[in-house]
Amino acid sequence: MNSFDRMKLFCKRMKDELGYKHAFGWPIYSRERGGRVMYHMIHATDRGEGPKIMNRAYRNALKAREDAKRLQRDLSRLWGSTGSGEKPARS
């Protein structure tokens, strides 16, 4: 059985045997192995908003991360060298 079919079966069992209202699998990809699926994260909930929240979180997690040097440069421009948003004390 491939990993996708195993995930679907596990989600079905979460609903049928444990009584969850919703159960969904989310592929977790490897950055080091060319984007292959390493495993599936299962989210099971009885809450109606749960799948919507999880979908939003998952989509945001897949977005490319901003380059750390560029982020630091941009934040330094906004906040100054202290990182707090306050102007450095003058001596």
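About the cut-offs
Residues numbered from 1 in each chain as written. Predicted model: local features only at pLDDT ≥ 70, side-chain atom pairs only at ≥ 80, totals over all residues. Heavy atoms only, no water. Helix = DSSP H or I, 4+ residues; strand = E, 2+ residues; numbered from the N terminus. Buried < 20%, exposed > 50% of the residue type's maximum accessible area, 1.4 Å probe, protein only. Contact = heavy atoms within 4.5 Å. Areas by Shrake-Rupley, 256 points an atom, 1.4 Å probe, with all protein chains shown as cover. Phe/Tyr/Trp six-rings, centres within 6.5 Å; stacked < 30°, edge-to-face > 60°. Patch = residues over 30% accessible without salt bridge, like charges linked within 9 Å, V, L, I, M, F, W, Y side chains within 5 Å. Salt bridge = Lys/Arg side-chain N within 4 Å of Asp/Glu carboxyl O. Expected span 1.5 Å × (residues − 1). Arc of directions from axis to C-beta. Polar contact = N/O pair within 3.5 Å; in protein donor to acceptor, adjacent residues only side chain to side chain.

Draft legend 1. Structural view of the overall build of the chain. What the chain contains, in helices and strands, is three helices and two strands. Sequence-ordered secondary structure for the chain, helices as α and strands as β, is α-β-β-α-α. Burial statistics for the chain: of 91 residues in total, 18% are counted as buried. Here the analysis covers contacts within the chain between residues at least 6 apart in sequence; of these, 37% occur between residues at least 24 apart. Of the roughly 7,900 Å² of accessible surface on the chain, a fraction of 52% belongs to carbon and sulfur atoms.

Draft legend 2. Layout of the packing of aromatic side chains. Using the criterion set out here, one finds one aromatic pair in the structure. Their ring planes at 45 degrees and their centres at 4.9 Å tell us that Trp26 and Tyr58 sit as a pair that is tilted. On the criterion of sequence distance, the pair formed by Trp26 in strand E1 (residues 22-29) and Tyr58 in helix H2 (residues 50-62) is long-range, its members being 32 residues apart. Overall, the relative accessible area of 12% leaves Trp26 in the buried class.

Draft legend 3. Looking closely at the environment of Ile42. On the secondary structure map, Ile42 appears in strand E2 (residues 37-45). Dropping the residues within four chain positions of it, Ile42 is found in contact with Met7, Phe10, Cys11, Met14, Phe24 and Gly25.

Draft legend 4. Focus on the environment of Tyr39. Looking at where Tyr39 falls in the secondary structure, it is placed in strand E2. For Tyr39 and Gly25, which are 14 residues apart along the polypeptide, the C-alpha to C-alpha distance reads 9.5 Å. Apart from the residues within four sequence positions on either side, Tyr39 is in contact with Trp26, Pro27 and Ile28.

Draft legend 5. Spatial organisation of a nonpolar patch on the surface. Where nonpolar side chains cluster on the molecular surface, the patch consists of Tyr29, Val37 and Leu62 and spans about 260 Å² of accessible area. Following the sequence through the fold, Tyr29 ends up in strand E1. Here Tyr29 falls in the partly exposed class, since its relative accessible area comes to 39%.

Draft legend 6. Fine view of helix H1 (residues 3-16). Along its 14 residues, H1 runs 20 Å from first to last C-alpha, staying within 8% of the 20 Å computed at 1.5 Å per residue. Within H1 the residues assigned to the buried category are Met7, Cys11 and Met14. The arc that holds the buried residues of H1, viewed along the axis, is 60 degrees, so those residues lie on one side. If you follow the buried residues of H1, they end up packed against E1 and E2. If you check the start of H1, you find a side-chain oxygen 3.1 Å away from the backbone N of Phe4, and it comes from Asn2.

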